[in-house]
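Each chain, written out:
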Amino acid sequence: MTNMFRLLATLFLLVPTIPSLAMEPTPAQKLVSQPGPLVIAHRGDSVHAPENTLPAFASAVKLKADLVELDYYHCKEGVPVVIHDNFLDRTTDAEAIFGKAKMLVEESPLADLQKLDAGSWFDPKFKGTRLPTLAESLTCIQAGSVTLIERKKGDAATCIKLLRELKLTGRVVVQSFDWKYVRDCHDLEPTLVLAALGSGKDPLSEARLAAAAETGASIVAWDHNKLTKDQIDAIHARGLKAWCYTLDDSARGKDLAAAGIDGIITNAPGRMLKAVRGK
Ligand code: G3P
Ligand code: CA
């Protein structure tokens, strides 16, 4: 037996005992890599229920949205609470309850936030709907879908700590317009699926795309009004996925699907699912 043959035979015998070097993709990684477009319920099924509340999330899950988006801020004690605006006025009765306008989420204790009605502004039948915490929202959504967490304000470590406690780091997607936050999330939890959000104000230039890729994000999510087929191709050429927000027009959804969009964030997930999936 030549030395070379002996070496090859030894390697062959060893192969089954060497642990696989490639990590198994997480459920969230598998979901975002599947052929699109994924349909993502913006603030829940927000055409039918008050945005960013448990009824809106439950409705989106029932519709079988691929992901359900939400927004969060930290309250005074640092607990992540789900709401889109930094002020409480638009989607709660805070002014009537506390006699004060323009109260900030981040200056409000959790107990005060939990007294508010976050449903009546949308429809009296939702009276008594509360502002959910991020933890409560994750429990509701993850029962049948995948959460797209948009951080409006707050540090990355708090979000990652919560996701670890709930064993969800491999089962959600996190996004932000603040790319430093996206980078911080990536550094703390490299397997977390991340989206770099961009507004229509910033053109989607090659330099901007390079900066998005450097955050560790695997998705670039952009204002659908500013997104062209060439830009979708440029995103793909960097090995990234292209998502768009916030798109409720089914015809435009079909056009962007034909142009290769990978995810559509929509207030009307039921309608968009029918348009792009025929179901
Ligand atoms: O998911 C992206 C989209 O939600 C960003 O805009 O203002 O609705 O949070 P906004
Ligand atoms: Ca959002």
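This text follows the structure it describes.
The numbers attached to residues start from 1 for each chain and follow its sequence in the written order. Each chain gets a letter, beginning with A, and each ligand a number, beginning with 1, in the order they are written. Only residues with pLDDT of at least 70 get local features here, since the model is predicted, and only at 80 or more are side-chain atom pairs given and counted; chain-wide, interface and lining totals rely on the full set of residues. Only heavy atoms go into the side-chain values, all of them from the structure, while hydrogens and water stay out.

J.: Give a detailed account of the side chain of D45, specifying residues and quantitative values.
T.: Runs of E in the DSSP output that reach at least two residues are strands. Runs of H or I that reach at least four are helices, and both are numbered from the N terminus. Mapped onto the secondary structure, D45 falls in the loop between β1 (38–41) and α3 (54–62). Put simply, D45 is tucked away with no salt bridge, and the nearest opposite charge, on R271, sits 8.8 Å away. Those residues in contact with D45, other than ones at most four positions away along the chain, are A56, S59, A60, L63, N267 and P269. Throughout this description, buried means an accessible area under 20% of the type-specific maximum (1.4 Å probe, protein chains only), exposed means over 50%, and partly exposed covers the range between. Just so you know, the count uses Lys and Arg for positive and Asp and Glu for negative, and it drops His and the chain ends. One side-chain nitrogen of Lys or Arg within 4 Å of one carboxyl oxygen of Asp or Glu is enough to make a salt bridge. Here, two residues are considered to be in contact whenever any of their heavy atoms come within 4.5 Å of each other.

J.: Talk me through the coordination of the calcium ion (ligand 2); I want residue IDs and the actual numbers.
T.: Bound to the calcium ion (ligand 2) on the protein side are E69 (OE), D71 (OD) and E150 (OE), at distances that span 2.1 to 2.2 Å. Distances up to 2.8 Å from the metal define which N, O and S atoms are donors, and 3.2 Å serves for Na, K and Ca; water is absent from the atom set, so sites may look incomplete. Counting gaps between the donor residues of the calcium ion (ligand 2) yields the pattern E-x1-D-x78-E. With D71 in strand β2 (residues 67–74) and E150 in strand β4 (residues 147–151), the pair connects residues that are 79 residues apart, well separated along the chain. Residue D71 is classed as buried on the basis of its relative accessible area of 1%. By relative accessible area, which is 4% here, E150 ends up buried.

J.: Run through the side chain of R151, naming residues and quoting values.
T.: For R151, the location among the structural elements is in strand β4. On the basis of relative accessibility, which here comes to 12%, the residue R151 falls in the buried class. When residues no more than four places from it in sequence are discounted, the contact partners of R151 are Y72, Q175, S176, D178 and Y181.

J.: Describe in detail the packing of α3 against helix α6 (residues 134–142), supporting the description with residues and values.
T.: Following both chains from N to C, one finds α3 and α6 inclined at 20°, their axes separated by 9 Å at the closest point. Viewed along their axes, α3 and α6 adopt a mutual orientation that is roughly parallel. Crossing of α3 over α6 shows right-handed handedness. Counted together, L54, F57, A58 and V61 of α3 and E136, S137, C140 and I141 of α6 form the full contact between these two elements. Residues are grouped as follows: Ala, Val, Leu, Ile, Met, Phe, Trp, Tyr, Cys and Pro are nonpolar; Asp, Glu, Lys and Arg are charged; every other residue, Gly included, is polar. Partitioning the contact of α3 with α6 into residue classes produces six nonpolar, one polar and one charged. In this description, a line fitted to the C-alpha atoms serves as the axis of each element, helices being fitted only across the stretch in contact, and the angle between N-to-C directions of two axes falls anywhere from 0 to 180 degrees. Roughly parallel here means an angle under 35 degrees, roughly antiparallel means over 145, roughly perpendicular means 65 to 115, and every remaining angle is called oblique. Crossing handedness: left-handed means the near helix sits turned counterclockwise from the far one by under a right angle, and right-handed means the same turn made clockwise.

J.: Tell me about the environment of I97, residues and numbers included.
T.: Along the chain, the position of I97 falls in helix α4 (residues 94–98). In this structure the C-alpha to C-alpha distance between I97 and V81, which are 16 residues apart in sequence, comes to 19 Å.

J.: Please set out the pairing of β4 residue by residue, giving values where relevant.
T.: Counting buried positions along β4 gives five out of five residues, so the element sits mostly inside the fold. Burial of the side chains of β4 extends over both faces: T147, I149 and R151 are buried on one face and L148 and E150 on the other. Strands are labelled as partners when DSSP assigns at least two bridges between them. Note: β2 against β4, five bridges, orientation parallel. When the bridges of β4 are listed, E69 appears paired with L148. In this sheet, strand β5 (residues 173–176) lies alongside β4 in parallel orientation, the contact comprising three bridges. Directly across from I149, in β5, lies its bridge partner V174.

J.: Account for the nonpolar core, with residues named and values stated.
T.: By size, the foremost hydrophobic cluster in this structure holds 51 residues, and its most contacted members are I149, L163 and V174. Among the elements that line this core, the one with the most residues is helix α7 (residues 156–165), at five residues. If we skip the residues at most four places from it in the chain, V174 touches I149, L163, Y181, C185, L192, V193, L194 and A195. Take the buried Ala, Val, Leu, Ile, Met, Phe, Trp, Tyr and Cys residues and link them wherever side-chain atoms come within 4.5 Å; each set so joined is a nonpolar core.

J.: Hey, could you go over the packing of aromatic side chains for me, with residue numbers and the actual values?
T.: Pairs were defined over the aromatic rings of Phe, Tyr and Trp, the Trp ring being its six-membered one, requiring ring centres within 6.5 Å. Orientation was assigned from the angle between planes: stacked under 30 degrees, edge-to-face over 60, tilted for the rest. Summed over all chains, the structure comprises four aromatic pairs. Taking 5.6 Å as the distance between ring centres and 75° as the angle between the ring planes, the aromatic pair formed by W121 and F122 counts as edge-to-face. For W121, a relative accessible area of 36% corresponds to the partly exposed category. One aromatic cluster in this structure is built from W121, F122 and F126. Positioned over the ring face of W121 is R90, at 6.0 Å from the centre of the ring. Charge-over-ring placement is defined geometrically: NZ (Lys) or CZ (Arg) within 6 Å of the ring centre, and within 35 degrees of the ring normal.

J.: Could you give an account of the pairing of β1, naming the residues involved and the relevant values?
T.: Along any regular strand the residues' side chains alternate between the sheet's two faces. The alternating pattern of β1 places L38 and I40 on one face and V39 and A41 on the opposite face, and all of these are buried. Pairing analysis gives four bridges linking β1 to strand β9 (residues 263–266), with the strands arranged parallel. By the bridge assignment for β9, V39 is matched with I264. Where β1 lies against β2, two bridges are found, and the strand directions are parallel. For A41, the partnering residue across the bridge sits in β2 and is V68.

Interpretation in functional terms is not warranted from these geometric data alone.
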